[in-house]
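One-letter residues, chain by chain:
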Amino acid sequence: MKKRITDLHPRTFLAFAASLVTTLLNAQYNDKGTVHLAVGPSFGIHSTRYEQRIVISGAEFPETTNDGAATITYPIQVGYGFSRLFSLGLLIEPGSYLDSNATRSNSLIIYGVEPRFHVVNKDRFAWMVGGQFGGSSLTIQEQGQNVSEAKYSGSLFGLDTGVAFLFTEHFGLQIHLRYLATRMPLKDFSLSGSSIVLSNFEAELNTSGVALQTSLAFRF
């Protein structure tokens, strides 16, 4: 004769129920001690503001140019769960920056820390919000009679919201929408491989925009 769950001894039934509740409570995308890894492309559109200032005989000649740019980057993110609600991660994101003069060769990298809150935290699904705080570096090389190279570096600030879907216990997909802002003063300028000291010249590139990111997600 088959026994129903309700026919079990009360102590056995309570032990079974407690085990089931514990399993359900532990079925979270993020938990204390969980390690997250995400790798995938990100496509961004940004407004840019380039400011330069030339000083000649004590007189200043400022100039500002507003433009737009696109970015194609490849974020690599590693995070660690400190609780079911909160995780903290590291970001490194190399890629390309394409302004209106897309014929120039360039390389972009951003990096930083990522505090992240798991607002919805289910077994196979999570909704996350967080930030990105760190630095950014951009190198633009222009070909001509002489090859010039300008290096900018500065700060990064970002806001992020995204969802995660797990297909198996350890593998899934993340989709994120990000707001990113950078402030990058000109740090170095070289011509034909020789660094040039620009004592009477200052420049700064500021960007702000949004990026859509899709990543393969791994959980351990």
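Draft legend 1. Representation of the nonpolar core within the structure. Formed by 16 residues in total, the largest nonpolar core has its most connected members in Tyr97, Leu108, Leu138, Tyr152, Met184, Leu186 and Leu205. Listed by contribution, the elements that provide at least two residues to this core are strand S6 (105-121), strand S7 (125-142), strand S8 (148-166), strand S9 (171-191) and strand S11 (201-219). Top contributing element to this core by residue count: S11, with 4 residues. Residues Tyr29, Ala126, Met128 and Leu166 belong to the second largest nonpolar core, which totals 6 residues.

Draft legend 2. Quick look at the layout of surface pockets. In this structure, the largest pocket spans a volume of roughly 410 Å³. Surrounding the largest pocket, 19 residues form its lining, Tyr50, Asp99, Arg104, Ile140 and Tyr152 being those nearest its centre. When residues in the lining of the largest pocket are grouped by element, the largest group, 4 residues, is from S8. By residue class, the composition of the lining of the largest pocket is 10 nonpolar, 4 polar and 5 charged.

Draft legend 3. Representation of the confidence of the model for the chain. With 87% of its residues at a pLDDT of 70 or more, the chain has an overall mean of 87. Overall, residues 16-25 carries pLDDT values under 50, and its contacts beyond four positions in sequence, including any with other chains, amount to 2 contacts.

Draft legend 4. Region of the structure containing the pairing of strand S1 (residues 35-39). Here S1 shows one buried face, formed by His36 and Ala38, and one open face, formed by Val35, Leu37 and Val39. As defined by bridge partners, S1 adjoins strand S4 (residues 76-81) across 5 bridges and the pair is classed as antiparallel. Across the sheet, residue valine 35 finds its bridge partner in S4, namely tyrosine 80. Sheet analysis places S1 next to S11, joined by 4 bridges and oriented antiparallel. Among the inter-strand pairings, alanine 38 is bridged to a residue of S11, identified as alanine 217.

Draft legend 5. Summary view of the environment of leucine 91. By secondary structure assignment, the location of leucine 91 is in strand S5 (residues 86-99). Each C-alpha atom, one on leucine 91 and one on valine 113, is 6.0 Å from the other, the two residues being 22 residues apart in sequence. Apart from the residues lying within four places of it in its own chain, the contact partners of leucine 91 are Pro75, Ile76, Gln77, Ile110, Tyr111, Gly112, Glu114, Gln132 and Arg178.

About the cut-offs
Residues numbered from 1 in each chain as written. Predicted model: local features only at pLDDT ≥ 70, side-chain atom pairs only at ≥ 80, totals over all residues. Heavy atoms only, no water. Core = buried A, V, L, I, M, F, W, Y, C linked by side-chain atoms within 4.5 Å. Buried < 20%, exposed > 50% of the residue type's maximum accessible area, 1.4 Å probe, protein only. Helix = DSSP H or I, 4+ residues; strand = E, 2+ residues; numbered from the N terminus. 1 Å grid on protein atoms, 1.4 Å probe; cavity = no way out; pocket = protein on both sides within 12 Å on 5 of 7 lines; lining within 4 Å. Points joined across faces, edges and corners; volume = space filled by probe spheres on them. Nonpolar A, V, L, I, M, F, W, Y, C, P; charged D, E, K, R; others polar. pLDDT = per-residue confidence, 0-100. Contact = heavy atoms within 4.5 Å. Pairing = 2+ DSSP bridges.

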